[in-house]
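# Descriptive analysis of the structure
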Amino acid sequence: FLPMLNGTWLPLAAEFSGQSIPLPPTRWIIDGERYVVEAEAGQDAGSLVIDATATPATVDLIGRTGPNAGKTLRAIFRLRGDLLQLCYEVGDTPVRPTAFVTARGSMALTVRYRRVQ
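Since we're looking at a predicted model, the values are computed, not measured. (Residues numbered from 1 in each chain as written. Predicted model: local features only at pLDDT ≥ 70, side-chain atom pairs only at ≥ 80, totals over all residues. Heavy atoms only, no water.)

### Brief notes about the overall build of the protein
The condition that has to hold: Here a helix means four or more residues in a row that DSSP labels H or I, a strand means two or more in a row labelled E, and each is numbered from the N terminus. Atoms counted for the radius of gyration: C-alpha only. Globule rule: 2.2 Å times residue count to the power 0.38.
For the protein, the helix and strand inventory stands at 0 helices and 9 strands. Listing each helix as α and each strand as β along the protein from the N terminus yields β-β-β-β-β-β-β-β-β. For 117 residues, the compact-globule formula gives about 13 Å, and the C-alpha radius of gyration of the protein, at 13 Å, lands near that figure. Principal axes of the C-alpha set define a box for the protein whose edges measure 35 × 35 × 25 Å.

Here is the structure:
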């Protein structure tokens, strides 16, 4: 895991299928290889598998409890200080994006976060 990902992250902006979308209030807490997403609709928790040597860096979010239990989201990420960008395909697809692009008609979602703790 990457210790520099540890902390509490709040979403700043999101884009889906080429368009900006509103985000519900959420907190993403990363502690080592574990994560918890807290939202009004409930909590989602699981583990992270990170490959920082890949280009772009990859992360698999493996859901253990909550709405994503039993699912694996295959994402790419980039980290710049206290800013984190994550991109993944929405839906039941094992596809990992190769770029931070959410073209119109795609199922790609990009979310930008800021660390607050």
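The rest of the description comes next.
### Considering the pairing of strand S7 (residues 72–80)
The condition that has to hold: Pairing between two strands requires that DSSP report at least two bridges joining them.
One ladder, built from 6 bridges, connects strand S6 (residues 57–65) with S7; its direction is antiparallel. Bridged to Ala57 within S7 is Phe77. Across 6 bridges, the pairing between S7 and strand S8 (residues 83–89) is antiparallel. Each bridged residue has a counterpart across the sheet, and for Arg78 the counterpart in S8 is Gln85. A loop of 2 residues connects S7 with S8, the two strands running antiparallel in sequence, and Gly81 in this loop sits at a positive phi of about 65°.

### Here we look at the packing of aromatic side chains
Short version of the rule: Only Phe, Tyr and Trp rings take part, Trp by its six-membered ring, and two of them pair if their centres are within 6.5 Å. Stacked means planes under 30 degrees apart, edge-to-face means over 60, and tilted covers everything else. Think of it in three bands: residues with accessible area under 20% of the maximum for their type are buried, residues over 50% are exposed, and the middle band is partly exposed, with areas taken using a 1.4 Å probe on protein chains only. Lysine NZ or arginine CZ positioned within 6 Å of the ring centre and within 35 degrees of the ring normal marks a charge as sitting over the ring.
Tallied over the entire structure, the rule returns 1 aromatic pair. For the ring pair Trp28 and Tyr113, a centre distance of 5.2 Å and an interplane angle of 45° mean the geometry is tilted. With Trp28 in strand S3 (residues 26–31) and Tyr113 in strand S9 (residues 108–115), the pair connects residues that are 85 residues apart, well separated along the chain. Taken as a pair, Trp28 and Tyr113 share a single burial class, namely buried. The ring of Phe100 has Arg78 sitting right over it, with the charged end atom 4.0 Å from the ring centre.

### Some details on the nonpolar core
Formally: As used here, the term nonpolar core means buried Ala, Val, Leu, Ile, Met, Phe, Trp, Tyr and Cys residues forming a set that is joined through side-chain atoms within 4.5 Å. Note on definitions: a residue-residue contact is assigned when non-hydrogen atoms from the two residues lie within 4.5 Å.
Trp28, Phe77 and Leu86 are the most contacted members of the largest nonpolar core, which totals 19 residues. Every element with two or more residues in this core is listed here: strand S1 (7–16), S3, S6, S7, S8 and S9. Excluding residues within four positions of it along the chain, Trp28 makes contact with Gly7, Thr8, Trp9, Tyr35, Val36, Val37, Leu48, Leu61, Leu84, Leu86 and Tyr113.

### Let's talk about the pattern of salt bridges
For the record, the criterion: Salt bridges are identified by distance alone: a Lys or Arg side-chain nitrogen within 4 Å of an Asp or Glu carboxyl oxygen.
One pass over the structure, following the stated rule, counts 4 salt bridges. Notably, a salt bridge pairs Arg27 with Glu38, separated by 2.8 Å at the nearest N-O pair. Of the two residues, Arg27 sits in strand S3 while Glu38 sits in strand S4 (residues 34–39), which places them 11 residues apart along the sequence. Classification of Arg27 as partly exposed rests on a relative accessible area of 34%. Note that Asp82 is salt-bridged to Arg115, the shortest N-O span being 2.8 Å. In this pair, Asp82 sits in the loop between S7 and S8 while Arg115 sits in strand S9, placing the two residues 33 residues apart along the sequence.

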